[in-house]
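Structural overview for review
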Amino acid sequence: MSQPTSAQPGGDARTELRGSVVADRYSFWYGPKQVLHEISLGVEERSVLALIGPSGCGKSTFLRSINRMNDLIPRISHSGDIRLMGETIFAGGMDTVSLRQRVGMVFQRWNPFPKSIYDNVAYGPRINGQRDRTELDGIVESALRRAALWDEVKDRLRQTALGLSGGQQQRLCIARALANQPEVLLLDEPASALDPIATQRIEELLYQLKEELTIIIVTHNLQQAARVSDRTAFFYMGRLVEVDLTERIFTSPREERTEAYITGRFG
Amino acid sequence: MTSVPGSAPPTSPAGRHKPHATRSQRAAAERTMRTLRRRRLINRVMVGVMYLAALLAILPLILILFHLVREGASSLSLDFFIRMPAPVGEAGGGMANAIVGTLVLVGLASAIGLPVGIGAGLYLAEHRRSRLALVTRFLSDVLNGLPSIVMGIFAWQFLVRPMGGFSAYSAGVALGAMMIPLVTRSTEEMIRLVPVSLREAALALGFSRARTSLTIVLRTALPGIVTGSLVAVARIAGETAPLLFTAFGNQFWSIALDEPIDALPLRIFYYATSPYDDWRALAWAGALVLIGIVLVISIIARYATRARHGLGGD
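Note that residues are indexed from 1 along each chain, following the sequence as it is written. Working convention: letters from A go to chains and numbers from 1 go to ligands, in the order in which they are written. Side-chain atom pairs in this predicted model are given and counted only at pLDDT of 80 or more, local residue features only at pLDDT of at least 70, and totals for whole chains, interfaces and linings cover all residues.

Thoughts on the overall build of chain A
Along its length, chain A carries eleven helices and ten strands. The size measure is the radius of gyration over C-alpha atoms, and the globule rule it meets is 2.2 Å times the number of residues to the 0.38 power. In terms of overall dimensions, chain A is globule-like: its C-alpha atoms have a radius of gyration of 19 Å, near the 18 Å expected for 267 residues. Its C-alpha atoms put chain A at 60 × 45 × 30 Å along the principal axes. Distance between backbone-placed C-beta atoms decides contact: two residues are in contact if it is within 7 Å. When contacts within chain A are restricted to residue pairs at least 6 apart in sequence, long-range pairs at least 24 apart make up 69% of them. Each helix corresponds to a stretch of at least 4 residues labelled H or I by DSSP, and each strand to a stretch of at least 2 residues labelled E; elements are numbered beginning at the N terminus.

Digging into the overall build of chain B
A count of helices and strands for chain B gives twelve helices and zero strands. Taken over 314 residues, chain B has a buried fraction of 34%. The contacts of chain B with a sequence gap of at least 6 include a subset with a gap of at least 24, amounting to 70%. Labels follow a simple rule on C-beta atoms placed from the backbone: if 20 or more others lie within 10 Å of a residue's own, it is buried; if 12 or fewer, it is exposed; otherwise it is partly exposed.

Some remarks on the interface of chain B and chain A
Taken together, the 17 residues of chain B in the interface contact 23 residues of chain A. Counting only elements with at least two residues in the side of chain B that touches chain A, the list comes to α8 (196-204) and α9 (209-237) of chain B. With six residues, α8(B) is the largest single contributor of residues to the side of chain B that touches chain A. When residues are grouped by polarity, Ala, Val, Leu, Ile, Met, Phe, Trp, Tyr, Cys and Pro land in nonpolar, Asp, Glu, Lys and Arg in charged, and all others, Gly among them, in polar. Split into classes, the residues belonging to the side of chain B that touches chain A amount to eight nonpolar, six polar and three charged.

Some details on the pairing of strand β7 (residues 184-188) of chain A
All names here are of chain A. Extensive coverage of β7 is indicated by the burial of five of its five residues. Residues of β7 alternate between two faces, with V184, L186 and D188 on one and L185 and L187 on the opposite face, all of them buried. As paired strands, β7 and strand β8 (residues 214-218) are joined by five bridges and run parallel to one another. Residue pairing across strands places D188 opposite V218, the latter belonging to β8. We call two strands paired when DSSP finds no fewer than two bridges between them.

Some details on the packing of helix α4 (residues 117-127) of chain A against helix α7 (residues 166-178) of chain A
All names here are of chain A. Following both chains from N to C, one finds α4 and α7 inclined at 30°, their axes separated by 7 Å at the closest point. Regarding the angle of α4 to α7, the classification is roughly parallel. When the axes of α4 and α7 are compared, the crossing they make is right-handed. Residues I117, N120, V121, Y123 and G124 of α4 touch α7, and the partners they reach there are L172, A175 and R176. Residue composition of the contact of α4 with α7, grouped by class: five nonpolar, two polar and one charged. The axes are straight lines fitted to the C-alpha atoms, using for helices just the contacting stretch, and the angles between their N-to-C directions are given from 0 to 180°. Oblique is the label for every angle not falling under 35 degrees (roughly parallel), over 145 degrees (roughly antiparallel), or within 65 to 115 degrees (roughly perpendicular). Note on convention: near helix rotated counterclockwise from far helix by under a right angle means a left-handed crossing. Clockwise means right-handed.

A few points about the domain arrangement of chain B
Often, the extent of an interface is quoted as the loss of accessible area on bringing the components together. All names here are of chain B. Segmentation into domains, and thus their bounds, comes from an automatic or database assignment. Each domain of chain B was delimited in the assignment, giving domain 1 (13-73) and domain 2 (76-310). For domain 1 versus domain 2, the separation of C-alpha centres amounts to 44 Å. Taken together, the contact between domain 1 and domain 2 spans five residues of the former and six residues of the latter. For the side of domain 1 that touches domain 2, the residue count by class is three nonpolar, one polar and one charged.

A word on helix α4 (residues 96-126) of chain B
Structurally, the α-helix is built with 3.6 residues per turn, so residues lying three or four positions apart point the same way. Helix length check: α4(B), at 31 residues, gives a terminal C-alpha distance of 44 Å against a target of 45 Å (1.5 Å per residue), a fit within 8%. Of all the bends in α4(B), the greatest, near 30°, is centred on S110(B). Expected helix span is given by 1.5 Å per residue-to-residue step, counting one fewer step than there are residues. One axis fitted to the seven residues ending at a residue, another fitted to the seven starting there: the angle between these axes is the bend at that residue.

Here's the deal with helix α8 (residues 196-209) of chain A
Residue and element names in this part refer to chain A. A rise of 1.5 Å per residue sets the reference length of α8, with its 14 residues, at 20 Å; its end C-alpha atoms lie 20 Å apart and thus fit the reference within 8%. Taken together, the buried positions of α8 are I202, L205, L206 and L209. Taken down its axis, α8 places every buried residue within 100° of arc, on the same side. What points out from α8, more than 90 degrees from its buried face, is the exposed set P196, I197 and Q208. As for α8, its buried residues are in contact with β3 (48-52), α5 (133-146), α7, β7, β8 and α9 (222-228). What the arc covers is the set of directions going from the helix axis to the C-beta atoms.

As for the environment of V106(A)
All names here are of chain A. Within the secondary structure, V106 is located in strand β6 (residues 103-106). For the pair V106 and R227, spaced 121 residues apart in sequence, the C-alpha to C-alpha distance is 19 Å. The residues touching V106, leaving out its near neighbours within four places in the chain, are C173, I174, A177, L185, L187 and P190.

Topic: unusual backbone geometry
It is generally the case that most residues other than glycine have a negative phi and that most peptide bonds are trans. Residues and elements named next belong to chain A. Phi is positive for E38, which is not a glycine, with a value near 45°. If you trace the backbone, E38 turns up in strand β2 (residues 33-43). Residue class for E38 comes out partly exposed when judged on the 18 C-beta atoms lying within 10 Å of it. The phi dihedral of M85 falls on the positive side, at around 50°, and the residue is not glycine. For M85, the location among the structural elements is in the loop between β4 (76-84) and β5 (87-88).

Considerations on the confidence of the model for chain B
Residues and elements named next belong to chain B. Along the chain, pLDDT gives the predictor's confidence residue by residue, from 0 to 100. The share of residues in chain B with pLDDT of 70 or more is 90%, and the mean pLDDT across the chain is 88. For the stretch residues 309-314, pLDDT sits under 50, and the model shows eleven contacts to residues farther than four places along the chain or on other chains. Reported confidences for the modelled complex are a pTM of 0.75 and an ipTM of 0.82.

Looking at the nonpolar core
The term nonpolar core refers to a group of buried residues, namely Ala, Val, Leu, Ile, Met, Phe, Trp, Tyr and Cys, whose C-beta atoms join them within 7 Å. Of all hydrophobic cores here, the largest spans 139 residues; its most connected members are L51(A), A175(A), I216(A), L105(B) and A247(B). In terms of residue count, the dominant contributor to this core is helix α7 (residues 168-192) of chain B (14 residues). Apart from the residues lying within four places of it in its own chain, the contact partners of I216(A) are V21(A), V43(A), L49(A), L51(A), L63(A), I66(A), V184(A) and L186(A).

Notes on the environment of L172(A)
Residues and elements named next belong to chain A. Relative to the assigned elements, L172 resides in helix α7. A tally of 25 C-beta atoms within 10 Å means that L172 is categorised as buried. Sequence-wise, L172 and G58 are 114 residues apart; in three dimensions their C-alpha atoms are separated by 27 Å.

What about the environment of I39(A)?
All names here are of chain A. With respect to the helices, strands and loops of the structure, I39 is situated in strand β2. In this structure I39 comes out as buried when scored by C-beta crowding, with 26 C-beta atoms within 10 Å. I39 sits 110 residues away from L149 along the chain, and the two C-alpha atoms are 36 Å apart.

Structural notes on the packing of α7(B) against α9(B)
Residue and element names in this part refer to chain B. Put simply, α7 and α9 touch, their axes get as near as 8 Å, and they point 145° apart. Seen from above, α7 lies across α9 with right-handed handedness. Between α7, through L175, M178, M179, L182, V183, S186, T187, M190 and I191, and α9, the contact on the second element is made entirely by V217, A221, G224, I225, G228, S229, V231, A232, R235 and I236. Here the contact of α7 with α9 is built from residues that sort into 13 nonpolar, five polar and one charged.

This is how it looks when you write it as structure tokens:
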């Protein structure tokens, strides 16, 4: 039996700590309660990492640490480090505003603003000072195209985003994140409330998007993790049990707990 | 022999010939039926009581409206809206100065009450547990319960006396101060209704916290805030007591802000307590107009609320 220490030690750990997003012995506390224990992993540029594990295992907390969304919660603390393109995200010079522009996020429950489709996508660039109409039009179109939504909405860009179907709204949220030209995209169970067809479209989309950016996705759907990700990290009770090529995690995991989880014996 | 269902008590002789189990089953079924009948009866009585209570709740409004229309409608004419008050003994005359005066005062009060109230409400919603928020919330509830005449005396002491006379300003301040707690609390409630997910969406896009509050959150809550503000406006439009010490009333045309100004509630008060029949008739008409204004504002507020549920685009 392995001891409840940090991630898989040994030769692999060194090479893993390269990539566009790197967690280095990152621990996290809500008040006195430690919810993440020395997470160390690296996500290669232009790849998809899936975070899996039973509810409450810390995978969402870890995801929200990467763009510091947890900062909103009072009485949190952390140790260790998370690096984006080699820079620590906790440095004084790295404010959350610019960090979140570089690290986009898509939530479980789609949350478009109660505005038009166009304004939803244009909001981020506008905030960053982009006022030129033709430039904005270009950004909106390209973001919607990259989110595979353009053809469905190009004739009703001025209509409210809330009239779209759930799957379309979720892709709109992806487009909204893409309009900021992020380097990393975080997705927190983006398809768990969608029907199978909408889910499939999101998955296809991720496959295309990884050509240009780094994607980290939390999912409870193991088939989805297997389909979309290059590497998979298994979290359990706030610890990273194992991270490896997705194929290997699902066929020959090194850890017994990983195997037990993916074969449905717990979780 | 069998007993007719529901007619015989369990002690009927017929029952004795039946097997034991069946008899107790029948007794149980009968008990159930009795309970059901009783529950249905109670239900009906309770629904009746609720209807009665609802009817009693709207009865005063209906009576007031009925009475106002009966007494006031005859004095209501175009003259009422465009003519000045006539001297005693002279027929006709209107309340043009009072109507305009009320609009001026409501405008002044809104200029003070809305920005302060909405700002404070935003603060309370965004920093709900800070010490300042707890104190502000409590004090604003206290202020809300403050009798309006106290507000009038306060404004008289601190504005009218130092300024050396009654004025529209002082009335605007008194009414504005009455609006603040109403607007503050309704704004806070509306902002709290904005889903956390929207806030997160804005923050995750790289909005600063201030910008998130001022654009996304405030924008989403806006229809509700408008409703709350209109309710507050409707509420102060009919206030009389604070005006007695501040606006004072004015028989003549005046919209100068540093002079006494007329207002509908004041004019109604003066006319209704006068010994002249035609003035008292005009007071009824004034009351009808005042309640009409409040009603219109309330209906607009209703409409704004409905628009919120539609959550339309821009």
